[in-house]
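Chain residues, written in single-letter form:
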Amino acid sequence: MWNSEPTHRQNQQHQQQQHYQQHQHNGNSTSGGGQPAKQLGMTSAISLAEPKPADLQRTENLRASLEPFNVFESQDELNHRMEILAKLNTLVKQWVKEISVSKNMPESAAEKLGGKIYTFGSYRLGVHHKGADIDALCVAPRNIERTDYFQSFFEVLKKQPEVTECRSVEEAFVPVIKMNFDGIEIDLLFARLSLKEIPDDFDLRDDNLLRNLDHRSVRSLNGCRVTDEILALVPNIENFRLALRTIKLWAKKHGIYSNSLGYFGGVTWAMLVARTCQLYPNATAATLVHKFFLVFSRWKWPNPVLLKHPDNVNLRFQVWDPRVNASDRYHLMPIITPAYPQQNSTFNVSESTKKVMLTEFTRGMNITDEIMLGRASWERLFEAPSFFYRYRHFIVLLVNSQTADDHLEWCGLVESKVRLLIGNLERNPHIALAHVNPKCFELKKGESANNSQNNSGNEDDQKQQQQPPPTNQATVSASPFCSMWFIGLEFERSENLNVDLTESIQNFTEHVIMHGVNIKMLKEGMAIDARHVKRKQLTVYLDADFLKRERKCMESHTSFNNTLLANRKRLSTELAQSQEALPPGSQTQQPASGNRGRESGAKIHRLSESLTEDNSNASSDLGAQTPTTPTGAQMNAPSFGKTSAKNGSELDSSEQEQQAQSSPQSQAHNNGNNSTATTTEVACS
């Protein structure tokens, strides 16, 4: 794998992690010699327990369940990526030399300047899937200008026979060249350092490199610096990688993987998994996945998630600090990058996307509880309930263009603005939730309500078949290219509710069009339209077979939920009966019964608090006391910027697991707009 750190640094990193593990044994936080174990993270670990044979078997089962999803690349595919990056690295060195010579630098001096390709993101973390793109950074010495990169190097790339679809996005927030290099998509950023030469073993983690750099170079360097810090802050890289692959696949399957739409992006999921690894440093990947859901379904948002104490560096770059920056106080789920300048990677999160993600965290907790009890397989974790049968009302956002190139640009702009529409909808007092599906659907031409019906037996669909389609459904779009995003709406419960969404939608479409004009992107044929549709009208926009599969998926999820709740109610009843049957003092007189009680208790301890009401996590935000596994010091980050904060007192792992007991209350996702006593009318134009 092409790494952004030299080989000797990787060896140092692995030696440090082995040293860390050698100083932990029997669940204690000190080594045999009395020296405290190295702490990775803001606080001490919750548990240092070593894995049991059952944990190792679950991890093997987890790895096997990931295979069908193509999350692992073969060695040949990895070698192909390394060859591509090696070619790109050679091109950079040659280009730096040629540009320097053209600026009257002696050739002998130009040959020593160097230049290097660094990687970051999923590829650098070692968790990329088959066909994934590569995030890379071109680092050049100080005599190379940004204009040189986006002009001359851009032309060099276009001349390469392996390069196709090469385009420059110089005016982006993080300027980038996008291309397809021999079948692999590559996003190549640029950073110009204030150095005369760039040696091959150069380390980007030194904060002093940022001195005298412009903001665009700092933002470009941030990806590599954050990725390298994450790898340095986890105790076991292999366990981290397998757990992260699992969580990323789960997030994508459940529709909560998209930074631009207000969910979490790749680096955010990596930081959450890394924090879990710090809290359970000796746990296997299967255990880490379970603890991931336990920790973050109970996290006291908006307390920030940090992987380490913020660096005491002052190079005049703005860092995330709610004490200083008023805007930082409004971030709902702050997760702070570990490299200077520290930033919140989740500033796009809205109230609606937060609710959706917390619901999925709780659902993930339920499922992994069942997996740990041996009553479900890992495949169940990657099965999500149907988005389209979860709601009865939707807004469909249609994006139209005349050419493929125009459509690619136009869709990119609209997608980056969808979260503004979510914000407009959230401000409507009658809307409880605006859930955007991150998947972009392509409209299949030639389909209409007459030939795209859902024969699944749904009552709403049967009524739809008996009614003529509205006039605006006869032809969804006449443009040759049309993409769609769907937003599920959940309304506050009210009798005969009438909601007018015209203003919210109109403000959004006008803003997007005006922005397209300002950046000179808007061309003839580009259009955006937003419509309110009911579930029974989805057959106009989506394939009937797809909707049938969605309905079956929802039925399967409902059946699993009912079984889960019945099992937990039974376990809770058994535990209560076993406790009532034991008279005072019988624990010492009847060890066998006591053991049976403890065994039943252990089963209950496996269960999370997710059997409480759906929005139980919201009570944490309001200051309610809810039981949780991690200690208060571990869940609540200390004051930002203080490097001498004391760790919270450690609990014994068994005591902490006791705090995770669940209450046997019914939990099911019940949308307010599904109530039969509620009549909702939505008007929009």
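Note that this is a predicted model, so its numbers are computed, not measured.

About the cut-offs
- Residues numbered from 1 in each chain as written.
- Predicted model: local features only at pLDDT ≥ 70, side-chain atom pairs only at ≥ 80, totals over all residues.
- Heavy atoms only, no water.
- Core = buried A, V, L, I, M, F, W, Y, C linked by side-chain atoms within 4.5 Å.
- Buried < 20%, exposed > 50% of the residue type's maximum accessible area, 1.4 Å probe, protein only.
- Contact = heavy atoms within 4.5 Å.
- Helix = DSSP H or I, 4+ residues; strand = E, 2+ residues; numbered from the N terminus.
- Pairing = 2+ DSSP bridges.
- Axes fitted to C-alpha atoms, helices over the stretch in contact; angles between N-to-C directions.
- Parallel < 35°, antiparallel > 145°, perpendicular 65-115°, else oblique.
- Left-handed = near helix turned anticlockwise from the far one by under 90°.
- Nonpolar A, V, L, I, M, F, W, Y, C, P; charged D, E, K, R; others polar.
- Expected span 1.5 Å × (residues − 1).
- Polar contact = N/O pair within 3.5 Å; in protein donor to acceptor, adjacent residues only side chain to side chain.

Hey, could you run me through the nonpolar core in this one?
Proteins that are soluble and globular tend to have nonpolar side chains buried together. In terms of nonpolar packing, the biggest core is built from 117 residues, with F240, W250, W269 and F361 touching the most fellow members. Once you skip the residues sitting within four places of it in the chain, F361 turns out to touch W250, F264, W269, L272, F292, F293, F296, S297 and M333. I84, L91, A136 and M179 belong to the second-largest nonpolar core, a separate cluster that totals 30 residues.

In this structure, what is going on with the pairing of strand β6 (residues 393–401)? I would like to understand it.
With nine of its nine residues buried, β6 lies for the most part within the structure. Where β6 and strand β11 (residues 527–534) come together, eight bridges link them in antiparallel fashion. Note that in β11 the partner of F394 across the bridge is V533.

Even after reading the chapter, I still don't get the environment of N70, so can you show me in this structure?
Its location among the elements puts N70 in the loop between α2 (53–66) and α3 (75–102). Apart from the residues within four sequence positions on either side, N70 is in contact with H129 and K130.

Can you walk me through the packing of α3 against helix α6 (residues 146–158) in this structure?
When two helices pack together, their arrangement is captured by the angle between the axes and the distance separating the axes. The contact between α3 and α6 brings their axes to 11 Å, and the two run at 125°. When the axes of α3 and α6 are compared, the pair comes out oblique. Note on packing geometry: the crossing formed by α3 with α6 is right-handed. Where α3 abuts α6, its residues L88, L91, V92, W95 and I99 lie against D148, Y149, S152, F153, V156 and L157. The residue makeup of the contact of α3 with α6, split by class, is nine nonpolar, one polar and one charged.

Would you mind showing me how to read the environment of L421 here?
In this fold, L421 is placed in helix α12 (residues 404–426). Judged by relative accessible area, which is 0%, L421 ranks as buried. The sequence separation of L421 and A434 amounts to 13 residues, and the corresponding C-alpha distance is 9.3 Å. Residue contacts for L421: discarding those within four places in its chain leaves L397, I487, S504, I505 and F508.

What should I look at first to understand the sheet that holds strand β5 (residues 184–192) in this one?
Across a sheet, strands are paired by hydrogen bonds formed along the backbone, either parallel or antiparallel in direction. Here we have five strands laid out as an open sheet, ordered β1-β2-β5-β4-β3, and mixed in their pairing. Only two strands of the sheet have a single neighbouring strand rather than two, namely β1 (116–120) and β3 (163–169). Ignoring which end each strand starts from, the neighbouring axes of this sheet average 25° apart. In terms of strand pairing, β1 meets strand β2 (residues 134–140) through five bridges, oriented antiparallel. Looking at β2, one finds that T119 is bridged to A136.

Would you mind going over helix α7 (residues 215–232) with me for this structure?
Residues spaced three or four apart along an α-helix point in a common direction, a consequence of the helix completing one turn every 3.6 residues. Counted at 1.5 Å a residue, the expected span for α7 with its 18 residues is 26 Å, and the 25 Å between its end C-alpha atoms agrees. Counting buried residues in α7 gives 15 out of 18 residues, a clear majority hidden from the surface. At the N-terminal end of α7, a side-chain oxygen is found 3.0 Å from the backbone nitrogen of R216, two or three residues along, and the residue is D214.

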